[in-house]
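Inside the fold
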Amino acid sequence: MNEGTRRGRGGRSGEDARTGGELPGGSALPHAGEMPEADGTAMDRALNEIEGFLLREAEKDRARRRAEAFSAGLPWLTDTQRREVELHYCRDQRDASWAYLERVAHRSATLRTEYEDVYRALRRRLITAVLGGTLAVAALVAVAVAGMAVR
């Protein structure tokens, strides 16, 4: 097994031998034949999948580097103990990152809902103002036309 495969870079499943299995939410990238149609939403979903995959891989690499740096400061560990410490460190980091991302996603969804509500209220107010202004102008024009017709 080469170094890239051992660290999880060789597979499609999001599995990493160093962190002990499937990442939370770790979905696989589609094969070329499975790519969605080229419409906007399907393309957006595909790009989001790729971005998510790249972010997970970067986070795994960052956790692995931090775990190696941490275990390097413990020179009395045997190789087996060092691998176990690194494995636990990576798992802990993965879980902490996942919890953080869930909090961010929840907050993002909450803000999106709030902003959509504010947008709808502002749009209603704008439409009301435009319709009111249009009716006022129409009424003034009607009064002006009626005043000119009387003369």
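Once that is clear, we can look at the overall build of the protein chain. For the protein chain, the helix and strand inventory stands at 3 helices and 2 strands. Reading the protein chain from its N terminus to its C terminus gives the helix and strand order α-β-β-α-α. For the protein chain, buried positions account for 19% of its 151 residues. Of the contacts made within the protein chain by residues no fewer than 6 positions apart, 50% connect residues no fewer than 24 positions apart.

Glancing now at the packing of aromatic side chains. According to the stated counting rule, one finds 1 aromatic pair in the structure shown. Consider the rings of F70 and Y89, whose centres lie 5.6 Å apart with planes at 25°: the pair is stacked. A residue pair is termed long-range when its members are at least 10 positions apart, and F70 in helix 2 (residues 40–72) and Y89 in helix 3 (residues 79–150) qualify at 19 residues. By relative accessible area, F70 is classed as partly exposed at 42%. Residue Y89 is classed as partly exposed on the basis of its relative accessible area, which comes to 22%.

Applying the stated criterion across every chain yields a total of 7 salt bridges. Shared partners join several salt bridges into a network, and the residues in it are D61, R64 and E68.

Moving on, we come to helix 2. A rise of 1.5 Å per residue sets the reference length of helix 2, with its 33 residues, at 48 Å; its end C-alpha atoms lie 47 Å apart and thus fit the reference within 8%. Looking only at helix 2, the buried set comprises A42, A46, G52, F53, R56, E57, K60, D61, A63, R64, A67 and S71.

A cluster of nonpolar side chains, M43, L47, I50 and L54, forms an exposed patch at the surface whose accessible area comes to about 350 Å². Mapped onto the fold, L47 is located in helix 2. L47 gets classed as partly exposed once you look at its relative accessible area, which sits at 48%.

The next thing to look at is the confidence of the model for the protein chain. Taken as a whole, the protein chain shows an average pLDDT of 80; of its residues, 74% reach a score of 70 or greater. For residues 1–25, every residue scores under 50 in pLDDT, and the model assigns this stretch 58 contacts once sequence neighbours within four places are set aside. Segment residues 27–33 is flagged for pLDDT under 50; beyond a separation of four residues in sequence, or across chains, it makes 13 contacts in the model.

Rules and cut-offs
Residues numbered from 1 in each chain as written. Predicted model: local features only at pLDDT ≥ 70, side-chain atom pairs only at ≥ 80, totals over all residues. Heavy atoms only, no water. Helix = DSSP H or I, 4+ residues; strand = E, 2+ residues; numbered from the N terminus. Buried < 20%, exposed > 50% of the residue type's maximum accessible area, 1.4 Å probe, protein only. Contact = heavy atoms within 4.5 Å. Phe/Tyr/Trp six-rings, centres within 6.5 Å; stacked < 30°, edge-to-face > 60°. Salt bridge = Lys/Arg side-chain N within 4 Å of Asp/Glu carboxyl O. Expected span 1.5 Å × (residues − 1). Patch = residues over 30% accessible without salt bridge, like charges linked within 9 Å, V, L, I, M, F, W, Y side chains within 5 Å. Areas by Shrake-Rupley, 256 points an atom, 1.4 Å probe, with all protein chains shown as cover. pLDDT = per-residue confidence, 0-100.

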